[in-house]
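# Report on the structure
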Amino acid sequence: FSYFMNPLNIDGHQDAPLKAKKIWCSDNKEQAWTEWMTQNKLPDNAGDCQNPVDTNKKLATGLGFDSTPVLLFDNGETWSGKITPEKIRELLNR
């Protein structure tokens, strides 16, 4: 399983790219992501390390991915937006 942050610049989320960069620039990215998702807590850094956030965003935009999340499955199927655990299991079993 891989996760690529694709922060959208939409109303109410203008700071999403900086948040993604702060997570990426953390010494422990997994912990930083978990704390952000579960506690709304971001790492205390400037988010200015070398990171792929802007490159990932450019790639996602070029591929037409304009929502979050977007799930890509090994069989080529994609899913955009909110999804239930049951639907994920269904797609994984295809």
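To be clear, the structure that these remarks concern was listed above.
Structure report, in brief. These numbers were taken from a predicted model, which means no experiment stands behind them.

## Describing the overall build of the protein chain
A tally of regular secondary structure across the protein chain gives four helices and two strands. When its helices and strands are written in sequence order, the protein chain yields α-α-α-β-β-α. Principal axes of the C-alpha set define a box for the protein chain whose edges measure 40 × 30 × 25 Å. Within the protein chain, buried positions represent 27% of all 94 residues. Counting every atom, the protein chain has about 7,100 Å² of accessible surface; 52% of that belongs to carbon and sulfur. The average position of the 11 basic charges and that of the 13 acidic charges among the side chains of the protein chain differ by 2 Å.

## Some details on the nonpolar core
In this structure, Met-5, Ala-20, Ile-23, Ala-32, Trp-36 and Val-53 together form the largest nonpolar core, which totals six residues. Those elements that place two or more of their residues in this core are α1 (16-24) and α2 (29-39). The contact partners of Trp-36, leaving out residues within four places of it in the chain, are Lys-19, Ile-23, Lys-41 and Leu-42.

## Considering unusual backbone geometry
A positive phi angle, near 60 degrees, is found at Asn-40, a position not held by glycine. Residue position: Asn-40 is located in the loop between α2 and α3 (53-62). Taking relative accessible area as the criterion, Asn-40 reaches 58% and is therefore assigned exposed.

## So, the environment of Cys-25
With respect to the helices, strands and loops of the structure, Cys-25 is situated in the loop between α1 and α2. Sequence separation of Cys-25 and Asp-48 is 23 residues, and the distance between their C-alpha atoms is 7.2 Å.

## Side note on the pattern of salt bridges
Applying the stated rule across the entire model yields seven salt bridges. Residue Asp-54 is joined to Lys-21 by a salt bridge in which the shortest nitrogen-to-oxygen separation is 3.2 Å. Note that Asp-54 is positioned in helix α3 and Lys-21 in helix α1, a separation of 33 residues in sequence. For Asp-54, a relative accessible area of 49% gives the class partly exposed.

## Some points on the state of the cysteines
Structurally, a disulfide amounts to a covalent bond that connects the sulfur atoms of two cysteines. Evaluation of the coordinates by the stated rule reveals one disulfide. Two residues share a disulfide in this structure: Cys-25 and Cys-49, whose sulfurs sit 2.0 Å from each other. When the S-S torsion is -95 degrees, as for the bridge of Cys-25 with Cys-49, the disulfide is left-handed. Of this pair, Cys-25 sits in the loop between α1 and α2 while Cys-49 sits in the loop between α2 and α3; the two residues are 24 residues apart in sequence, bridging distant segments of the chain. The buried category is assigned to Cys-25, whose relative accessible area is 16%. Given the relative accessible area of 29%, Cys-49 is considered partly exposed.

## Section: the packing of aromatic side chains
Inspection of every chain in the model, using the stated rule, returns zero aromatic pairs. Of note, Lys-29 hangs over the ring of Trp-24, and the distance from its end group to the ring centre comes to 5.2 Å.

Rules used throughout
Residues numbered from 1 in each chain as written. Predicted model: local features only at pLDDT ≥ 70, side-chain atom pairs only at ≥ 80, totals over all residues. Heavy atoms only, no water. Helix = DSSP H or I, 4+ residues; strand = E, 2+ residues; numbered from the N terminus. Buried < 20%, exposed > 50% of the residue type's maximum accessible area, 1.4 Å probe, protein only. Areas by Shrake-Rupley, 256 points an atom, 1.4 Å probe, with all protein chains shown as cover. Lys, Arg positive; Asp, Glu negative; His and termini not counted. Charge placed at Lys NZ, Arg CZ, Asp CG, Glu CD. Core = buried A, V, L, I, M, F, W, Y, C linked by side-chain atoms within 4.5 Å. Contact = heavy atoms within 4.5 Å. Salt bridge = Lys/Arg side-chain N within 4 Å of Asp/Glu carboxyl O. Disulfide = S-S within 2.5 Å. Phe/Tyr/Trp six-rings, centres within 6.5 Å; stacked < 30°, edge-to-face > 60°. Lys NZ or Arg CZ within 6 Å of the ring centre and 35° of its normal.

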